[in-house]
Amino acid sequence: MHETLSCENLTLAYRDGERTTYALRDVSMSLPPGKFYGIMGPSGSGKSSLLYLLSGLKRPTEGKVALGELALSHLPDPELMRLRRTRFGFVFQQPFLLTYLTALENIVVAAPQPSAAARQKAQELLESLGLATMTHKLPSQLSGGERQRVAVARALINEPEILFADEPTAALDQTNGHRVIEALAAWRTKGTVIVVTHDAGMLTGADEILSLRDGRRVEPQG
Ligand SMILES: Nc1ncnc2c1ncn2[C@@H]1O[C@H](COP(=O)(O)OP(=O)(O)OP(=O)(O)O)[C@@H](O)[C@H]1O
Ligand SMILES: [Mg+2]
């Protein structure tokens, strides 16, 4: 059974000498499993900060993040790392593929073992993402949109309970952006999907949109 990801009174402060910058202030939310959530807000509003805290890539200054009953913001490093590796998947703005590996191999490297089963699964993921003929191509032989879909497949090979994406379409045109969003959104049948973007057009299919302004949660605009 998948669990609800939640946060309570999350605050992230950066201290720079005398000055303190608040990237996030007092943010609370509850994200039941099996939905596609969009996180929106202008540049600097704290979207990436929120995603990093929810996914355990950063620790909050105050407040907590929980997956079900488990306070992941307060887990020791090795356990947090294991949880991230086994239960979370990540897609970033750039795909960060290994240039000397094929599309298929780039997906298989994320699996615990480079087994025949992992290769089979990577092949199925490529097919489901419309990349069946790209299996043996190098990243340099793929378009930007194709590379990003390979990055989505890589994030999915371990069947993450929660799939996080930070501006996954920012480097793509509208058509390719929508393809990548569709690939991410489709995962909601198997897990939770959380996508950060400043492009409202990418979130028309979202189940819920959370908006940030100056590090605080606000009601979505219009
Ligand atoms: N390492 C850091 N040190 C100091 N301040 C930081 C640091 N990282 C982020 N900030 C500040 O925290 C605030 C939120 O940053 P964040 O990256 O979360 O915004 P964002 O909504 O993702 O913006 P963008 O749309 O440009 O990616 C900004 O004011 C930013 O300048
Ligand atoms: Mg950001």
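Before reading on, note that the structure itself is shown above.
Conventions used here
Residues numbered from 1 in each chain as written. Chains lettered and ligands numbered in written order. Predicted model: local features only at pLDDT ≥ 70, side-chain atom pairs only at ≥ 80, totals over all residues. Heavy atoms only, no water. Near = heavy atom within 4 Å. Polar contact = N/O pair within 3.5 Å; in protein donor to acceptor, adjacent residues only side chain to side chain. Areas by Shrake-Rupley, 256 points an atom, 1.4 Å probe, with all protein chains shown as cover. Pairing = 2+ DSSP bridges. Helix = DSSP H or I, 4+ residues; strand = E, 2+ residues; numbered from the N terminus. Contact = heavy atoms within 4.5 Å. Axes fitted to C-alpha atoms, helices over the stretch in contact; angles between N-to-C directions.

Undergrad: Help me out: how do you make sense of the site of ligand 1 in this one?
TA: Surveying the vicinity of ligand 1 reveals the residues Y14, A23, P42, S43, G44, S45, G46, K47, S48, S49 and E167. Within the backbone of G46, one N or O atom sits 3.0 Å away from an oxygen atom of ligand 1. The contact in question runs from an oxygen atom of ligand 1 to an N or O atom on the side chain of S49, over 2.6 Å. Contact with the protein chains covers 58% of the free accessible surface of ligand 1, which is 640 Å².

Undergrad: What am I meant to see in the sheet that holds strand β5 (residues 70–71) here?
TA: Pairing between the strands of a sheet comes from backbone hydrogen bonds, and it takes one of two forms, parallel or antiparallel. As summarised here, the arrangement of the four strands in space is β2-β1-β4-β5, forming an open sheet in which the pairing is antiparallel. Only two strands of the sheet have a single neighbouring strand rather than two, namely β2 (19–31) and β5. Note that strand β1 (residues 5–16) and strand β4 (residues 62–67) share five bridges and pair antiparallel. The partner of S6 across the bridge, within β4, is A66. Contacts from helix α1 (residues 47–54) reach β1, β2 and β4, with the element oriented near 60 degrees to β2.

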